[in-house]
Amino acid sequence: MSDHDIDPTSPRMAPKPEVTKIDGRELKPSTLMMGYGYDPVLSEGSLKPPIFLTSTFAFPSAADGKRHFEGITGKRPGGADGLVYSRFNAPNQEILEDRLSVWDGAEDALSFSSGMTAICVLMLAYASQNDVIVHSGPLYAASEGFVAKVLAKFGVTYVDFPAGATREEIDAVIEKAQAQADEQGGKVCMVYLESPGNPTNALVDIEAVRTSVDAAQLDCPIAIDNTFLGPLWQRPLDQGADIVVYSLTKYVGGHSDLVAGSIAGAKKWMDPVRMLRNTMGGICDPNTAWMLMRSLETVELRMNRAGENAAKVCDFLAQHPKVKGLGYLGMIKDARQQDIYDRHCKGAGSTFSLLLKGGEAECFRFLDSLKIAKLAVSLGGTETLASHPASMTHLSVAEGRRAELGISDNLVRISIGIEDPDDLIADFTQALEAV
Ligand SMILES: *Cc1c(COP(=O)(O)O)cnc(C)c1O
């Protein structure tokens, strides 16, 4: 190894303390994304973190190796205080996890190879045989399937409630879940939310769920999938959630070029999940972690622009004679939903549902006529995407349940990107003309 003529005793070689405040002023996440959790001094002065392609890490001494393994195996809580092996953690993932924590005001975060890996490992870490999961509905189809089909194999059951439920309705659901758990000889192990629901954008009252869980004295975490509004437009830990869940594939990655996931919250909630991730694997790979750090530098810019674009596009669509309605958080019709929005959300997002006059045929005509917007599932990327949930993402949902969830044949889901807004409006104009 070359020392590049740097004197190791020079102050230039000493790691710098992390700067999160200047004169008592807390630095904002958008500032911290450019350097937080990384010190160039430790990597030959490289301004950006190198990608650490290594499966294992050399211990300074045998005693250090022992101490690290005490952390990994849970003999000491909180994980290892040094790097051991890349299934447990590695530099790119650690920096990424530090930066993800910043956005949600969380003590700790864990990264995963996909949103679904994050969700599955999280649920497996908390559910024991005969337990009950309480969840809002609808959930992302794969999350709903994991609870109903995979956890069911281990005797775990669930009770669900519609996203817009009131405090009284949530109380009743929790009471039912406790009775179900007593009967099965288990406990209520998790309250799992997703807000807003996809594709209808119905919001869950997180504050009401918190009050309800506390009143019932449930000793379990409230987790919430914040993929649709996070990290910019909703910070659920501020409303009383314990664990925030992301598919980083969407707004955080933001360029439709990677798949990853994360969870964040207090260390005590992260530790059991970290232990299971250590055993199972499923941690994000170093290259993807590096790409996500690049994405986090622009996440605020991108989300702001996409949000502004969506507001302009929705203003246009709302006036159009071929449009029956919009499921857009900037144009809520229901007073209770508006109240939840005002208490929980900092922005209306850029993913919404468009209800056309007609049915599947009209939607297909519209989708096939789009010239800028791409016909694809997913959301939160730089490009505008459109899809037809009833025949695509929600095709496996039974027709009765689809109707209950408001996923009608005339519904198109749109995720607005960061293109020029007038170009997008021109595209939607010509596609609507073709219907
Ligand atoms: C995409 C998505 C997921 C799954 O994430 P992957 O990264 O595709 O595994 C989970 N929840 C929501 C709300 C999503 O949109």
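Each chain carries its own residue numbering, running from 1 in the written order of its sequence. Where totals are concerned, whole chains, interfaces and linings use all residues; where local detail is concerned, this predicted model gives features only for residues with pLDDT of at least 70, and gives and counts side-chain atom pairs only at 80 or more. Computation of side-chain values covers all heavy atoms of the structure but excludes hydrogens and water.

Asker: Please set out the nonpolar core residue by residue, giving values where relevant.
Answerer: Side-chain atoms within 4.5 Å are what join buried Ala, Val, Leu, Ile, Met, Phe, Trp, Tyr and Cys residues into a set we call a nonpolar core. Burial classification: accessible surface area is computed with a 1.4 Å probe over protein chains only, and a residue below 20% of its type maximum counts as buried, one above 50% as exposed, and the rest as partly exposed. Phe352 and Phe366 are the most contacted members of the largest nonpolar core, which totals 86 residues. Helix and strand assignments follow DSSP, with helices taken as H or I runs no shorter than four residues and strands as E runs no shorter than two, numbered in order from the N terminus. No other element matches the 10 residues that helix H9 (residues 286-319) contributes to this core. Once residues lying within four places of it in the same chain are set aside, the contact partners of Phe352 are Asn201, Ala310, Val313, Cys314, Leu317, Leu326, Gly327, Tyr328, Val412, Arg413, Ile414 and Ile416. In terms of nonpolar packing, the next biggest core, distinct from the first, is built from 27 residues, Ala118, Val121, Tyr126 and Val245 among them. In this analysis, two residues are considered to be in contact whenever any of their non-hydrogen atoms come within 4.5 Å of each other.

Asker: An account of the packing of aromatic side chains is needed here, citing residue identities and associated values.
Answerer: Here is the rule: rings of Phe, Tyr and Trp (six-membered ring for Trp) pair when centre to centre is within 6.5 Å. Planes less than 30 degrees apart are stacked, more than 60 are edge-to-face, and the remainder are tilted. The tally for this structure, following the rule as stated, stands at six aromatic pairs. Ring centres of Phe59 and Phe69 lie 6.5 Å apart, and the angle between their planes is 85°; on these two criteria the pair is classed as edge-to-face. One end of the pair, Phe59, is in the loop between helix H1 (29-32) and helix H2 (62-72); the other, Phe69, is in helix H2, with 10 residues separating them in the sequence. Using a relative accessible area of 38% as the deciding quantity, one classes Phe69 as partly exposed. For the pair Phe366 and Phe428, a centre-to-centre distance of 6.1 Å together with 15° between the ring planes defines the contact as stacked. Taken as a pair, Phe366 in helix H11 (residues 360-369) and Phe428 in helix H13 (residues 421-433) lie far apart in primary sequence, 62 residues in all. We call a charge positioned over a ring when the NZ of a Lys or the CZ of an Arg lies within 6 Å of the ring centre and within 35 degrees of the ring normal. Positioned above the aromatic ring of Phe112 is the side chain of Arg277, whose terminal nitrogen or guanidinium carbon lies 5.7 Å from the ring centre.

Asker: Please set out empty space enclosed by the protein residue by residue, giving values where relevant.
Answerer: A cavity here means a set of 1 Å grid points, computed over protein atoms only, where a 1.4 Å probe fits but cannot escape. A pocket is an open set with protein on both sides within 12 Å along at least 5 of 7 lines, and lining residues have an atom within 4 Å of a point. Grid points are joined across faces, edges and corners, and a volume is the space filled by probe spheres set on the points. In total, this model carries one cavity of 30 Å³ or more according to the counting rule given. Each pocket or cavity is described by its volume, and for the largest cavity that value is around 40 Å³. What lines the largest cavity is Tyr251, Gly254, Arg302, Met303, Ala306, Gly380, Gly381, Thr382 and Ile418. Polarity classes work like this: nonpolar for Ala, Val, Leu, Ile, Met, Phe, Trp, Tyr, Cys and Pro, charged for Asp, Glu, Lys and Arg, and polar for all others, with Gly in that last group. Classifying every residue of the lining of the largest cavity by side-chain character gives four nonpolar, four polar and one charged.

Asker: I'd like to hear about the domain arrangement of the protein chain, residue by residue, with values.
Answerer: Examined at the domain level, the protein chain breaks down into domain 1 (1-110 + 266-297), domain 2 (115-248) and domain 3 (299-432). In what follows, salt bridge is the name for a side-chain nitrogen of Lys or Arg lying within 4 Å of a carboxyl oxygen of Asp or Glu. Linking domain 2 with domain 3 are five salt bridges. We define a polar contact as two N or O atoms separated by no more than 3.5 Å, with the added condition that, inside protein, one atom must be a possible hydrogen donor and the other a possible acceptor, whereas residues neighbouring each other in sequence contribute only through side-chain atom pairs. Viewed at the interface, domain 3 and domain 2 are joined by 15 residue pairs in polar contact (both at pLDDT 80 or more). Among the residues forming the side of domain 2 that touches domain 3, the class breakdown is 14 nonpolar, nine polar and six charged. Throughout the structure description, domain borders are defined by an automatic or database domain assignment.

Asker: Residue-level account of the site of the ligand, with values.
Answerer: Residues are labelled near a given molecule or strand when at least one of their non-hydrogen atoms is within 4 Å of it. Taken together, 15 residues surround the ligand, and among them Met116, Asp225, Ser247, Thr249 and Lys250 come closest. One of the side-chain N or O atoms of Asp225 is found 2.6 Å from a nitrogen atom in the ligand. In the model, an oxygen atom of the ligand is placed 2.7 Å from a nitrogen or oxygen of the Lys250 side chain. Each accessible area value is a Shrake-Rupley result obtained with a 1.4 Å probe; residue values ignore everything except the protein chains displayed when judging cover. When isolated, the ligand has an accessible area of 380 Å², and the protein chains bury 92% of it. By residue class, the composition of the shell around the ligand is seven nonpolar, five polar and three charged.

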